[in-house]
Amino acid sequence: MAEPEWVAKNAELAPPAPLSEEDPNPVLELHVTGVVTYMNSAAHATFPDLPMLGARHPVLDGLPDVISALRDRGLPAVQREIRAGGNIYDQKFTMGKASDFVRVWIADVTQLKRTAAQVQMANMSLVKLATDLKQSQHRLYSTESQLIQAEKLSAIGQLASGIAHEVKNPLAIVLKGINYLERESRPDRQQLAQVLRMMKDAVRRADTIVRDLLDFSRPAPLELKPVALGRVLESALELVEKQLTTEKIRVVKEIAPDLEPALIDEHRMQQAFLNLIINAFQAMPNGGQLTLRAYANSSADQRMLVCEIEDTGRGIPRDLLAKVFEPFVSTKVPGEGTGLGLAVTRTIIEQHQGGIEMESEEGRGTKVTVVLPLPTRRTHGT
Amino acid sequence: MEPKVKILFVDDERDLCQLMKLTLEQNPRYEVTTAFSGEEGWQKAQATRFDLVITDFRMPGMDGAALLRALKAQRPHGPVVLCSVYHDDSATIPPDIRREADGIISKPLDHDALEKTIQDVLDRAGGQLG
């Protein structure tokens, strides 16, 4: 059978020999689809990670133009181009044809080896990329939820400012009216006095809600000073102890005496602790024990102060526990709480770069842990 | 008889002005004049020398800060108390205004607390009042 015309025309492209296992040069036979149909032992040795016969491999995509030309344009077109002599593709490869199969005799394997290494590296970076992508996705989700939270807060903030004006002025008028009637009321009008007291309490409640809403949504900038945290905790307790302590509640203080001062806004932190202490008292209508703890807890890379406020009260139902720091979530009866106390507390703690956690068991009690970072200490020496 | 303490109360909430006058004047020591805007307050302060001016912070037109500045420029020791709906004033009332004011009260303020603030401010200003 006469040799095809194009082989004669391009002598260097002509298949030099039949398929040979012993050929010292790597020889691959590929179907025009790019699938490996044969490789000799030299090819096996050179490319140990080339695919099993019949499979495709990304390395082959790295074979110079000729393979992709075959795949993209089909054998007849490539043959026509070769016959025209204009495009010999890559000089380092020779090829021959047997029907739909192409044999590639590889004279210089450097290129292919480099491609194999590149593929392997690409594989590795793909794996890394996938991991990174997963992490980024995770970060994105958490940022997104933070953003949503921030957006909510900003919306509540605007709303709260509006409410402050629209509600506090009428409240001021109502309270002034009550004040006026109080003074006009005669001592024998006991019921009138009682009604006025109830109205006044209602005004206070409404005022507290607006205040808390403002605190929660537009936290004022902190005025940080080095302060003994234990002292702040105790002063918060002192503010309400007289009103709230009953004979049935025992208060235990376990405050480490030599705590390093922390940089805090004393007034705001006192407010945060106050909310937690009031909650603890209110959770123990039948008595119990309130424990306040403050201690240092430092590891190699972080120095922290820990405060714990623990009660032996009624506890918080499990399904509510995850939500207690959200605004308007309350376990209290109307009038006892606005549902904003813990939200405000968390805002204050987070403003101090701290964290707050709550553990609770129904019927057993609740423990709130506040962790505040201490400023990093300068290391001396070299 | 001891001369009355003359107070000017400025607020664009007319009902609040009226009730403030009613409640404060339940104490015979106080004589309260009201104004419903900063401009009106300023004009009334030109006609009468008040012992104390209490002004709302946020009002249309001449607001509490502008009135405070104008009054202080005229009589640096005449006491002026700002009245705000915010309890936490550092966020809304600029620090320089806070420093200039003789007191800040937040709405709604119970009468006893209000009287105490008024008395404190008047006591402090006592030395400067002629």
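Everything numeric in this text was worked out from a predicted model, so none of it was measured. (Residues numbered from 1 in each chain as written. Chains lettered and ligands numbered in written order. Predicted model: local features only at pLDDT ≥ 70, side-chain atom pairs only at ≥ 80, totals over all residues. Heavy atoms only, no water.)

1. Re the state of the cysteines
- Tallied over the full model, the rule gives zero disulfides over all chains.
- In this structure Cys83(B) is not part of a disulfide, and its nearest cysteine sulfur, from Cys17(B), lies 9.8 Å away. (Disulfide = S-S within 2.5 Å.)

2. Quick notes on the confidence of the model for chain A
Residues and elements named next belong to chain A.
- Mean pLDDT over chain A: 75, with 66% of residues reaching 70 or higher.
- The secondary-structure element of chain A with the lowest mean pLDDT is helix α1 (residues 5–9), recorded at 36, while strand β11 (residues 365–373) shows the highest, at 93.
- Contacts for the low-pLDDT stretch residues 1–17, under 50 throughout, to residues beyond four places or in other chains number 28 contacts.
- Overall, residues 85–100 carries pLDDT values under 50, and its contacts beyond four positions in sequence, including any with other chains, amount to 56 contacts. (pLDDT = per-residue confidence, 0-100. Helix = DSSP H or I, 4+ residues; strand = E, 2+ residues; numbered from the N terminus. Contact = heavy atoms within 4.5 Å.)

3. Description of empty space enclosed by the protein
- One pass over the structure, following the stated rule, counts two cavities of 30 Å³ or more.
- In this structure, the largest cavity spans a volume of roughly 70 Å³.
- Around the largest cavity, the lining residues are Ala172(A), Lys176(A), Leu16(B), Met20(B), Cys83(B), Ile105(B), Ser106(B), Lys107(B), Pro108(B), Leu109(B) and Leu114(B).
- Elements with a minimum of two residues in the lining of the largest cavity: α6 (110–184) of chain A together with α1 (14–24) and β5 (103–106) of chain B.
- Residue composition of the lining of the largest cavity, by class: eight nonpolar, one polar and two charged. (1 Å grid on protein atoms, 1.4 Å probe; cavity = no way out; pocket = protein on both sides within 12 Å on 5 of 7 lines; lining within 4 Å. Points joined across faces, edges and corners; volume = space filled by probe spheres on them. Nonpolar A, V, L, I, M, F, W, Y, C, P; charged D, E, K, R; others polar.)

4. Describing unusual backbone geometry
- The omega torsion of the bond from Lys107(B) to Pro108(B) falls at -10°, within 30 degrees of zero and hence cis.
- Structurally, the position occupied by Pro108(B) is in the loop between β5 and α5 (111–125).
- In this structure, Gln353(A) takes a positive phi of about 65° despite not being glycine.
- Along the polypeptide, Gln353(A) turns up in the loop between α11 (341–351) and β10 (355–361).

5. Re the interface of chain A and chain B
- Listed by partner, the interface residues are 25 residues for chain A and 23 residues for chain B.
- In this assembly, chain A packs against chain B so that about 2300 Å² is buried in total across both faces, 61% of it on carbon and sulfur atoms.
- Here chain A is connected to chain B by two salt bridges.
- Among the salt bridges present, the one from Lys200(A) reaches Asp110(B), with a minimum N-O distance of 3.3 Å.
- Our count for the chain A to chain B interface comes out at ten residue pairs in polar contact (both at pLDDT 80 or more).
- If you list the elements that add at least two residues to the side of chain A that touches chain B, you get α6 and α7 (190–217) of chain A. (Buried area = accessible area lost by both parts, 1.4 Å probe. Salt bridge = Lys/Arg side-chain N within 4 Å of Asp/Glu carboxyl O. Polar contact = N/O pair within 3.5 Å; in protein donor to acceptor, adjacent residues only side chain to side chain.)

6. Description of the sheet that holds strand β8 (residues 288–298) of chain A
Residues and elements named next belong to chain A.
- The mixed open sheet is built from five strands, whose spatial order is β6-β8-β9-β11-β10. Whereas interior strands pair on both sides, the edge strands pair on one side only; in this sheet they are β6 (249–255) and β10. Mean inter-strand twist for the sheet, computed between neighbouring axes without regard to direction, equals 10°.
- Pairing of β8 with strand β9 (residues 303–311) involves nine bridges; the strand directions are antiparallel. What sits directly across from Thr291, in β9, is Glu310.
- Contacts from helix α8 (residues 229–244) reach β6, β8, β9 and β11 within the one sheet, and its direction differs from that of β6 by about 170°.
- Against the sheet, α11 contacts β10 and β11, and its axis sits at roughly 140° relative to β10. (Pairing = 2+ DSSP bridges. Axes fitted to C-alpha atoms, helices over the stretch in contact; angles between N-to-C directions.)

7. With respect to α11(A)
- Every buried residue of α11(A) is accounted for by Leu342(A), Ala343(A), Val344(A), Thr345(A), Thr347(A), Ile348(A) and Ile349(A).
- Remark: Gln353(A) follows α11(A) within two positions and exhibits a positive phi of approximately 65°. (Buried < 20%, exposed > 50% of the residue type's maximum accessible area, 1.4 Å probe, protein only.)

8. Things to note about the pattern of salt bridges
All names here are of chain A.
- Per the stated rule, a full pass over the model turns up 23 salt bridges over all chains.
- A salt bridge links Asp132 to Lys128, with the nearest nitrogen and oxygen atoms 3.1 Å apart. You can see Asp132 and its partner Lys128 sitting in helix α6, four residues apart, about one turn around the helix.
- By relative accessible area, which is 29% here, Asp132 ends up partly exposed.
- Of the charged contacts in the structure, one is a salt bridge between Arg293 and Glu254, with a shortest N-O distance of 2.9 Å. In this pair, Arg293 sits in strand β8 while Glu254 sits in strand β6, placing the two residues 39 residues apart along the sequence.

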